[in-house]
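Residue-level structural notes
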Amino acid sequence: MPSKLPEDRMLKGQLPSTGKDVAPHLGPPPTNHGQDPERTPVLPLTFPAQISNKDPEAKAKPFTPKPPPQPRLERALSLDEKAWRRRRFRTSPEDLAAGSGAGGSRGSLQDEVPRPPGPPGSPPCLSTSLQEIPTSRRAQDSAGGSPSSWGHCISGMISTSLDLLHRDGAVAGTSVRLPPVDPKVAPESLRPTHRVDSGPVDGKPHLQSRLFRAHSSLGPGRPPSPLVCEARSSFSLLAPIRAKDVRSRSYLEGSLLASGALMGAEELARYFPDRNLALFVATWNMQGQKELPPNLDELLLPAEADYAQDLYVIGVQEGCSDRREWETRLQETLGPRYVTLYSVAHGALYMSVLIRRDLIWFCSEVESSTVTTRIVSHIKTKGALGVSFTFFGTSFLFITSHFTSGDGKVSERLLDYSRTIQGLALPKSVPDTSPYRSDAADVTTRFDGVFWFGDFNFRLSGGRVAVEAILKQDLVEKVSTLLQHDQLTQEMKKGSIFKGFQEPDIHFLPSYKFDIGKDSYDTTSKQRTPSYTDRVMYRSRHKGDICPVRYSSCPGIKTSDHRPVYGLFRVKVRPGRDNIPLAAGKFDRELYLIGIKRRISKEIQRQQALKNQHSSTICTVS
């Protein structure tokens, strides 16, 4: 005779042992015994008295279990390693699969996880953790007496009940401990889960899930990374590191394709599957104004770009007196996801390089060099400032310049260009990626990608009256007509300046010279001719490696007589070697912390202003 346990101990105490059968209980569903229905829900449920593989047509005698009137609660003192690893994040592969329609959710904090079916006649056990109780999705197609008929029923009841218990326990700061359940009684959906990867179950290998790293910030067109993890992980997107790869120390060999190489092809494919870097380059002549714009979003985060860029390089001519405040504003605008990799000044010329914080490990040491072409009042206002570094296996050179001003001083500006390409002593300690293609007389030939931007001071010929007449035409027509009078365009066609460089197509109005705070061009007695003085040029050692995406100005920033000009680019990046001087994660930590504090304080001020606005609202009743 099989032993029989009291009804009130079916879920509170120990269930029947695996070697005994369960006696059926006939009768109506149990009552609630005066408990709150929201806290202790009781659902009628029938279990088969005995499951037999030999007689699938046999009908099971039902019985009704009675849960305890109040769950046994126990305060969680700490999170052990197993409980931490069982935690499910929203970005885990299982949650992503569930969100795409792979499985339904019953309102629990835990989504469904497919489990391999066990051998017939061996139902699984009940998990001892509320964080690992999935709902059953698999129905085993068999004849009468199939576990699928009652497996869904019990999983639905327990999932609904335990969700309520889990919610109440979370509010009270406690955890719920459930008693073990006989493997022959529990349905298949309630298997124990004690590890991230449970491994073989009942002698059958567990199928490993594939984890794809999220793509970079270049938009939805970027394909997913080909990197596939060999070990399943539901708590991190970081790829596991095999011990044998660490022991091999291949990252010290400087190989392009070595497994584990910091700058190699494997690491490059993880962060940039299509090997394209999103680059932002901007130039702005501040006219030495102390006042900075209240907001730099229009410059650094233009509305036309759906995604922020990977690398930001900003060059300034006639910069403001407080250079540190300008750099702090850049860091504050881009936020904690970016760090200032490098910043340098040469007189009134400033340059700042900001990069996504997870990419700083793939940069070489940053080097800089300067050239002075003219000194006025002991302040270096005219000249050039160059910054260079290698990212993975692609070398970059960024130059910001301020050439000689004046409508008719074209030859002086050409001379400034020649002095710059000969005077910038770069690279220094970082090796040239293609030395056989370099020219000792031209610094721009020593790098894979070169971006030259600044106030070149080339003007529109023809005079103020002729230019104003053109500005009254349609935007597309007037821009193309204005460029026919552009001195820089004419000199580039002759080959006398910016040899090998290109410029994105211009679709904006001249960026110089405006009345401060207004949209009108110079109305002073000098009546300067509107001109495209602020430009961005680029040159690539490999054809097609640089692709311009957008080239525009910022008409909303009116604190200077120049409008900022920026360009968005996609640059192809190649794998590199680790045997170069690495930056090793160096960045301006002090500036980073100041930028975060600024963002926090402004958010607090904004919330306080909203609170005061609501509290000062006056209602009048007439």
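To keep things clear, this report deals only with the structure shown in the data block. (Residues numbered from 1 in each chain as written. Predicted model: local features only at pLDDT ≥ 70, side-chain atom pairs only at ≥ 80, totals over all residues. Heavy atoms only, no water.)

Focus: the nonpolar core
We count it as follows: Among the buried residues, those of types Ala, Val, Leu, Ile, Met, Phe, Trp, Tyr and Cys that are joined through side-chain atoms within 4.5 Å form a nonpolar core. Only protein chains enter the accessibility calculation, which uses a 1.4 Å probe. A residue is then buried if its area is under 20% of the maximum for its type, exposed if over 50%, and partly exposed in between. Runs of E in the DSSP output that reach at least two residues are strands. Runs of H or I that reach at least four are helices, and both are numbered from the N terminus.
Residues F391, F398 and F451 are the most contacted members of the largest nonpolar core, which totals 49 residues. If one sorts the elements of this core by residue count, strand β8 (residues 379-391) sits on top with four residues.

So, unusual backbone geometry
Each neighbour pair has its own omega, and for L426 with P427 the value is -5°, a cis peptide bond. Relative to the elements of secondary structure, P427 occurs in the loop between α8 (410-423) and β10 (449-455). Looking along the chain, the bond that leaves Y512 and enters K513 is cis, with omega of 0°. Here K513 lies in the loop between α11 (487-494) and β11 (534-540). One non-glycine residue, N457, lies in positive phi territory at about 65°. Position of N457 relative to the elements: it lies in the loop between β10 and α9 (464-471). For N457, a relative accessible area of 3% gives the class buried.

Notes on the sheet that holds strand β3 (residues 276-285)
Two modes of strand pairing occur in sheets, parallel and antiparallel, and in both the strands are linked by backbone hydrogen bonds. We apply this condition: By this definition, two strands are paired if DSSP reports at least two bridges between them. Every axis corresponds to a line fitted to the C-alpha atoms, with the helix fit spanning only the stretch in contact, and the corresponding angles, defined between N-to-C directions, vary from 0 to 180 degrees. In this description, contact between two residues means that some pair of their heavy atoms is separated by no more than 4.5 Å.
Taking strand neighbours across the sheet as the criterion, the six strands line up as β5-β6-β4-β3-β13-β12 in an open arrangement whose pairing is mixed. On the outer flanks of this sheet lie β5 (338-346) and β12 (546-553), each paired with one strand and no other. The average angle at which neighbouring strand axes cross in this sheet is 15°, direction not considered. Two strands pair when backbone bridges link them, and β3 and strand β4 (residues 311-317) are joined in this way by seven bridges, in the parallel orientation. Along β4, the bridge assignment pairs T283 with G315. Packing against the sheet, helix α7 (residues 323-334) makes contact with β3, β4, β5 and β6 (349-356), and its axis sits at approximately 155° to β5.

Such coordinate-based values are descriptive only and should not be taken to indicate function.
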